[in-house]
Amino acid sequence: MEKVVSLCKRRGFIFQGSEIYGGYAGFWDYGPLGVELKNNIKKQWWKDMVYKRDDIVGLDAAIIMNPKVWEASGHLKAFTDPLVECKICHKRFKAEDEEVLKAHGSEHDGKIAWTETKTFNLMTEVMLGVVEPKEKAYLRGEITQGVFVNFRNVVDSTRVKIPFGIAQIGKAFRNEITPGNFTFRSREFEQMELEYFVEPDEAGSKKTFDFWKEERMKWYVSLGINKEKLRFREHEPEKRAHYARLAEDIEYNAPFGWSEFEGIHHRGDYDLGKHKLTYKEEGGKEYTPWVIETSGGVDRATLFFLLDAYHEDEKRVVLKLSPKIAPFKVAVFPLLSNKDELVKKAKDIYKHLRDEVEIVAAWDDRGNIGKRYFAQDEIGTPWCVTVDFQTLEDDTVTIRDRDTAKQERIKVDKLDEYLQNRLR
Ligand SMILES: [Zn+2]
């Protein structure tokens, strides 16, 4: 874990938020490579969930909504964590974090006293307006409600018919008491969610639930996460969120233990019912649809992709990221930076890949070739193309594979095809 955290800072994936002012607990900034990785994950999700399906459309709702939404959805009442306070130093902790409580006890030489457990609302309040008293509103605690309140708008403005889904990616905020484990639990985070609407039917909705459960697991495996490190975990009825009829998490075996990063929820008619929204079939049948939700954390997925991709041996550190999500797809080098004809040829190839083939490419002409390979391995660039003296004679380049470190020579005019085939 420490190695990945330090790589993230050193190579510009993830920085502590407001770092020059000592940071700010629970907030993180994505650097030049982190923003690429995170965007690639989101783009791939959108492509697979929206573009490749005829029954799902997208949406981007506002972060701040009429507070009545949160009242109706039950979040103002039920979106809470049980909390205890240390009577000695007044620090607050989640009542269920037994390990953390024990550790805190030892900070006071075992002489610890806790307050009664109180519920603590996780919604982040904001004050709006120019006249006093200002109006209290909330930063959304989940992006989901934006989909539900637009249910009718989407049905009326598109040709969707039940069963159909609405996909959304966006930021959400939780006033977490104990943010921690790097970006795993933070106060500002991004979600990628599908709300899939079905007829109210026990057997049918269970089938849809199982379908999406498997689909979402397959998606992470298809992007290279080690199957052995993933599992489903079913929520016991008493631990389910206030809206869920069924809930299963996809968990990753992180250095800090099995941890949830996507939830599949059967929300029944809870939400549309609370917002008093119904669906009318063409024949006139009217009902409150049920909802199957897949709710993934973008930051958590990004962290787990990084942790899973990290490999180290005596010789090198390699991020074995799937080419689909790697920040750079290819790096192009001239063998020597002081030979103009090599530099020119390499620049031509680099610009061609970048501007005409539209593959995100890196350029490097510093240091020796071994160092450049090492630097690209560490940020997960799947292929490195080197222009050498032989290139000037027969128009071939070497292409080096990140994972095997093996090189082959290919014709320059076969390069586009080589890369495109592997990026598909
Ligand atoms: Zn204390």
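Residues numbered from 1 in each chain as written. Predicted model: local features only at pLDDT ≥ 70, side-chain atom pairs only at ≥ 80, totals over all residues.

S.K.: What is the right way to read the overall build of the chain from this model?
M.R.: Helix and strand counts for the chain come out as 14 helices and 23 strands. Summarising its shape, the C-alpha atoms of the chain cover approximately 75 × 70 × 50 Å along the three principal directions. Across the 424 residues of the chain, 34% fall into the buried class. (Helix = DSSP H or I, 4+ residues; strand = E, 2+ residues; numbered from the N terminus. Buried ≥ 20, exposed ≤ 12 C-beta atoms within 10 Å, placed from the backbone.)

S.K.: Please clarify how the pairing of strand β7 (residues 124-128) should be interpreted in this entry.
M.R.: Along β7, only 0 of the 5 residues are buried, which leaves the element largely exposed. Sheet topology places β7 next to strand β8 (residues 135-139); 5 bridges connect them, and they run antiparallel. Its bridge partner lying in β8, E125 is registered against Y138. In this structure, the hairpin formed by β7 and β8 is closed by a connection of 6 residues, where G129 is found at a positive phi of approximately 105°. (Pairing = 2+ DSSP bridges.)

S.K.: Explain the sheet that holds strand β21 (residues 383-387) here, please?
M.R.: What holds strands together in a sheet is hydrogen bonding between their backbones, with the strands either parallel or antiparallel. Taken together, the 5 strands give an open sheet; going across it, the order is β20-β19-β21-β22-β23, and neighbouring strands pair in mixed fashion. The open sheet is flanked by β20 (361-363) and β23 (407-411), the only strands paired with a single partner. On average, each strand axis in the sheet is inclined to that of its neighbour by 30°, with strand direction left out of account. Of the pairings in the sheet, the one linking strand β19 (residues 330-334) to β20 comprises 3 bridges and is parallel in character. Bridged to V332 within β20 is W363. Across the sheet, helix α11 (residues 340-356) lies against β19, β20 and β21, angled at about 165° from β19, the strand it touches most. (Axes fitted to C-alpha atoms, helices over the stretch in contact; angles between N-to-C directions. Contact = placed C-beta atoms within 7 Å.)

S.K.: When you look at the nonpolar core in this model, what are you seeing that I'm missing?
M.R.: Across soluble globular proteins, nonpolar side chains show a tendency to be buried alongside one another. Ranked by internal contacts, the top residues of the largest apolar core, which has 75 residues, are F304, F305, V330, A331, V332, A361 and V385. When residues of this core are sorted by domain, at least three fall in each of domain 1 (2-67 + 127-309) and domain 3 (330-423). Residues in contact with F304, not counting those within four places in the same chain, are I225, Y252, A254 and F261. (Core = buried A, V, L, I, M, F, W, Y, C linked by C-beta atoms within 7 Å. Domains from an automatic or database assignment.)

S.K.: I tried to follow the environment of E215 on my own but got confused; where do I start?
M.R.: Secondary-structure assignment places E215 in helix α8 (residues 202-222). Separated by 144 residues in sequence, E215 and E71 have C-alpha atoms that sit 33 Å apart.

S.K.: How should I be thinking about the domain arrangement of the chain in this particular structure?
M.R.: How large an interface is tends to be reported as the accessible area lost when its parts come together. Domain annotation of the chain identifies domain 1 (2-67 + 127-309), domain 2 (80-121) and domain 3 (330-423). The gap between the C-alpha centroids of domain 2 and domain 3 is 55 Å.

S.K.: Explain the pairing of strand β12 (residues 246-254) to me, please; I cannot follow it from the model alone.
M.R.: Sheet analysis places strand β11 (residues 230-234) next to β12, joined by 5 bridges and oriented antiparallel. Looking at β12, one finds that F232 is bridged to I250. Of the pairings in the sheet, the one linking β12 to strand β13 (residues 257-268) comprises 9 bridges and is antiparallel in character. Note on β13: the bridge partner recorded for L246 is H266.

S.K.: Sorry, what's going on with the packing of helix α2 (residues 32-51) against helix α10 (residues 298-309) here?
M.R.: Any two packed helices are characterised by the angle at which their axes cross and by the distance between the axes. Contact pair α2 / α10: the axes reach a minimum separation of 10 Å and the direction vectors enclose 115°. Classified by the interaxial angle, the pair formed by α2 and α10 is roughly perpendicular. Note that α2 runs across α10; the crossing there is right-handed. Residue-level inspection shows L37, K38, I41 and K42 of α2 in contact with α10, the latter providing V298, A301, T302 and F305. Classifying every residue of the contact of α2 with α10 by side-chain character gives 5 nonpolar, 1 polar and 2 charged. (Parallel < 35°, antiparallel > 145°, perpendicular 65-115°, else oblique. Left-handed = near helix turned anticlockwise from the far one by under 90°. Nonpolar A, V, L, I, M, F, W, Y, C, P; charged D, E, K, R; others polar.)

S.K.: Honestly, the environment of L321 in this entry has me stumped. Any pointers?
M.R.: Tracing the backbone through its elements, the reader meets L321 in the loop between β18 (317-319) and β19. By the C-beta count within 10 Å, which is 23 here, L321 ends up buried. In sequence terms L321 and D403 are 82 residues apart; their C-alpha atoms lie 9.6 Å from each other.

S.K.: Looking at this model, I keep getting lost on the sheet that holds strand β16 (residues 290-297). Mind explaining?
M.R.: One open sheet accounts for 7 strands, arranged β3-β9-β10-β16-β13-β12-β11; its pairing is mixed. This sheet does not close on itself; its edge strands, each paired only once, are β3 (56-59) and β11. Averaged over neighbouring strand pairs, the angle between their axes works out to 25° when direction is ignored. For strand β10 (residues 188-198) and β16, the ladder comprises 8 bridges, and the chain directions are antiparallel. Of the residues in β16, the one forming a bridge with V198 is W290. Of the strands in this sheet, β9 (164-173), β10, β12, β13 and β16 touch α10, which is tilted by about 50° from β16.

S.K.: Could you clarify how one ought to interpret α11 in this entry?
M.R.: Think of an α-helix as 3.6 residues a turn; residues three or four steps apart then line up on the same face. For α11, built from 17 residues, the straight-helix expectation of 24 Å at 1.5 Å per residue is met to within 8% by its first-to-last C-alpha distance of 23 Å. By the burial criterion, the buried members of α11 are L342, K345, A346, I349, Y350 and L353. Projection of α11 onto a plane perpendicular to its axis shows the buried side chains occupying an angular sector of 135°, all on one side. Those residues of α11 that are exposed and angled more than 90 degrees off the buried face are D340, E341, K344, D355 and E356. The elements touched by buried residues of α11 are β19, β20, β21 and α13 (389-394). Just downstream of α11 lies E358, where phi reads positive at about 55°. (Expected span 1.5 Å × (residues − 1). Arc of directions from axis to C-beta.)

S.K.: Any chance you could explain the environment of M127 here in plain terms?
M.R.: Residue placement: M127 occurs in strand β7. On a C-alpha basis, the gap between M127 and Y138 in space is 8.2 Å, while along the polypeptide they are 11 residues apart. Those residues in contact with M127 that sit more than four places away from it in its chain are K134 and K136.

S.K.: Please clarify how unusual backbone geometry should be interpreted in this entry.
M.R.: Most peptide bonds adopt trans geometry, and most residues besides glycine take a negative phi value. For the bond from E132 to P133, the omega torsion is -5°, close enough to zero to count as cis. Of note, P133 is situated in the loop between β7 and β8. Here the amide bond leading from I162 into P163 is cis, since omega sits at 5°, within 30 degrees of zero. Counting through the fold element by element, P163 comes out in the loop between α7 (151-157) and β9.

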